[in-house]
Amino acid sequence: MDLETGVNQNRNKKESWRTKESWSTILTLAYQSLGVVYGDLSTSPLYVYKSTFAEDITHSESNEEIYGVLSFVFWTLTLVPLLKYVFIVLRADDNGEGGTFALYSLLCRHAKVNSLPSCQLADEELSSYKKDIISPAPTTFGATLKSTLERYRVLQRFLLVLALLGACMVIGDGILTPALSVFSAVSGIELAIGKEHHKYVEVPLTCVILIALFALQHYGTHRVGFLFAPVVITWLVCISAIGVYNIVQWDRHVYRALSPHYMYKFLKKTQRRGWMSLGGILLCITGSEAMFADLGHFSQLSIQIAFTFMVYPSLILAYMGQAAYLSQHHVIENESYRIGFYVSVPEKLRLPVLVIAILAAVVGSQAIITGTFSIIKQCSSLGCFPRVKIVNTSSKIHGQIYIPEINWTLMLLCLAVTIGFRDTKKMGNASGLAVITVMLVTTCLMSLVIVLCWRKSVILALCFVIFFGMIEALYFSASLIKFLGGAWVPIAMAFTFMIVMCIWHYGSLKKYEFDVQNKVSVEWLLGLGPSLGIVRVRGIGLIHTELVSGIPAIFSHFVTNLPAFHQVLVFLCVKSVPVPHVKHEERFLVGHIGPREYRMYRCIVRYGYRDAHKDDSEFENDLVCSIAEFIRTGKTRLNVNGEDLRKDFEDMTVVGTPSTHLSGVQFCEDEDVNAELVGPSERKEILSPRVTKPKKRVRFVIPESPKIDRGAQEELRELMEAREAGIAYILGHSYVRAKQGSSLFKKIVINFGYDFLRRNSRPPTYTLSVPHASTLEVGMVYNV
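All figures in this text were calculated on a predicted structure; none of them were measured in a lab. (Residues numbered from 1 in each chain as written. Predicted model: local features only at pLDDT ≥ 70, side-chain atom pairs only at ≥ 80, totals over all residues. Heavy atoms only, no water.)

Asks: Whenever I open this one, the nonpolar core confuses me. Can you help?
Replies: Soluble globular proteins tend to pack their nonpolar side chains together in the buried interior. With 166 residues, the main nonpolar core has Tyr38, Tyr49, Leu70, Leu77, Phe307, Tyr319 and Val417 as its most contacted residues. Top element by residues in this core is helix 8 (residues 153-186). It accounts for 18 residues. Val559, Phe571, Met600 and Val736 belong to the second-largest nonpolar core, a separate cluster that totals 32 residues. (Core = buried A, V, L, I, M, F, W, Y, C linked by side-chain atoms within 4.5 Å. Buried < 20%, exposed > 50% of the residue type's maximum accessible area, 1.4 Å probe, protein only. Helix = DSSP H or I, 4+ residues; strand = E, 2+ residues; numbered from the N terminus.)

Written as structure tokens, this is what we have:
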């Protein structure tokens, strides 16, 4: 989830280097990306060799194993992070955003396979929605693929499950990476300070660091974020300098091992054991997905520069230096430590390097934890995860959020992994499977993007998926074979989160379908007359609903039992659309329900899957001002008769907020009734004619031109009086049950699974900060 201020700043930065070609802006973003994007990837030298040589292969006198591993590491880093991500995948951005859901969002818009049931044609008019969308030629394979996806529901569900699988594995990586990185960094205490009982120190110290890391999440990273880039840069300089020292000191010809011939010799000699050891080599690219996932924070060029000129050469030198040292040291003094990073560090430098490594591991862990929060937010926005509390930790820095429930769950699972495994090898097996699964999902989705979004040849897409898919499938098989050696952990975690997501999505979909089937007809409403057959009292009644058209059954349920309602009724729908960001000027859709004299409105508030939902009183003011602006400029039907009475006419109009339309209606509140307006001379105010002295006086400041008719003036006056009286929130409290005759499986999913998740999730209006004194809940049973 990204704050609007951060989004605007980020877009301004992008526009700056695009239009003015400001290299200072590009280099600044590249510098910042080092602390956010590359913390996880840069700490991989801590555990790659140690995990690779754990048990499967040995380090012989011929050095064929160590040279083969170095060759594999070099080409893996070159082909996957450098070629695949930096030069290809980064181009598949969704309006500047990246990640698994960005690819899924692109496919949803190009092929119209969106899983959100509340989509409207008006959503397709969003500037970020229709950008770069061009239908493929009818005779091409892309057109055939597009029609096939749109025709078969099972393919759409498979696409959604594929995206959710990638999201679940990212969440699993958010649990495993902090444990692996911090534990590997702390394990250097064995050689740095030479304690005999280091095993009794490593696990407790790792747990203390992890607890501190998660406990500080609610403060946000912006307080110490300025230290992230220097820490990672210091770490990269440190490992590359040590690498150069080891190459010069121990083996100046180690560069020969970069030849692919050594990979062949390695597999020929080790055979099955060498194939199994690929699970450890795989860890050299852990964190590569962050380059794409965090694309929205920076820019393509800044990430490409940072990786190509800083991260990539530093990692290659680090791995070459370790291989050079190990090629001349076949017998390690401390056999229990096996082959690790710290054995190649000069003895006098081990303690300061240990400190830097721990700091770098914390930075890398922080990045993946924040990324996990973002993935959960996106899943929740797309209706695939229970609603959780989202706290904005910074009003200036892009993407800084905190989710308490997820934070403590991650901490407990992370501690369980650390205490349960207490071994780098098992943690590496688990983390490797999670990493490579996400990459496979990205490869599959990317092949569809090449055909549907980029409109390239199917042969190009096949070459992409075959080339990179074969590489990743090889590593995936090597990781999966170690199921009992720790790889079962990400599978179990992904399975659990997948069940939660599927149950919530299925239950939410069935609930929405029930709302659509049981909504109140407009004929019934119009037959009641302007007063709706009930007493209309002062104030605004804000009815929260998930429907984008029609009248929810909750309204008829309410007026049937309590025949009184507010003078102004607003049916509010807060929904997400499959784009990363919705501009302020396109945020609100406002329309009348029924004729003007009914004083009933529908307001649809649209957010992107990475937008921040406003959670303060400013939302109420924006909502009322958007309705006032609609009244001033919107399309209304003054004379409704004949067949028009039978139509659910809602001419929805896009209305901007006061912050984006300064020339529109503005909202003012005064404590003193006799206060005078201070403002531009070309504006006038509509004042409440009440004789009584309310605590606050509400005023709408409207432009002098264009002129508005008398009916609109009266409508604005009533809206102002209602806002002055206050807003009451009418919320639905649903009890979802499987209807009679349903299968046993459906009853278990709805009556137990979805009901449990619903009772333990946040209400639909938690983002509105609804005051309890102004809230009225109406209970209904949904038989789905």
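This is not the end of the story, as more comes after the structure.
Asks: How should I be thinking about helix 15 (residues 300-327) in this particular structure?
Replies: Helical geometry note: an α-helix holds 3.6 residues per turn, so side chains three or four residues apart project in the same direction. When the terminal C-alpha atoms of helix 15 are compared, their 38 Å separation across 28 residues agrees well with the 40 Å that a helix rising 1.5 Å per residue should span. Here helix 15 lies mainly inside the structure; 21 of its 28 residues are buried. (Expected span 1.5 Å × (residues − 1).)

Asks: Help me understand a nonpolar patch on the surface, please; the structure alone is not making it clear to me.
Replies: A cluster of nonpolar side chains, Leu83, Phe87 and Phe467, forms an exposed patch at the surface whose accessible area comes to about 270 Å². Among the secondary structure elements, Leu83 is positioned in helix 5 (residues 64-86). In this structure Leu83 comes out as partly exposed when scored by relative accessible area, which is 33%. (Patch = residues over 30% accessible without salt bridge, like charges linked within 9 Å, V, L, I, M, F, W, Y side chains within 5 Å. Areas by Shrake-Rupley, 256 points an atom, 1.4 Å probe, with all protein chains shown as cover. Salt bridge = Lys/Arg side-chain N within 4 Å of Asp/Glu carboxyl O.)

Asks: Explain the pairing of strand 5 (residues 588-592) here, please?
Replies: Within a regular strand, the side chains alternate between the two sheet faces. Along strand 5, five of the five residues are buried, which leaves the element largely enclosed by surrounding structure. Side-chain alternation along strand 5 places Phe588, Val590 and His592 on one buried face and Leu589 and Gly591 on a second face that is also buried. For strand 5 and strand 6 (residues 600-608), the ladder comprises five bridges, and the chain directions are antiparallel. Residue pairing in the sheet places Leu589 in a bridge with Ile604 of strand 6. Sheet analysis places strand 5 next to strand 7 (residues 653-655), joined by three bridges and oriented antiparallel. By the bridge assignment, Leu589 is partnered in strand 7 with Val654. (Pairing = 2+ DSSP bridges.)

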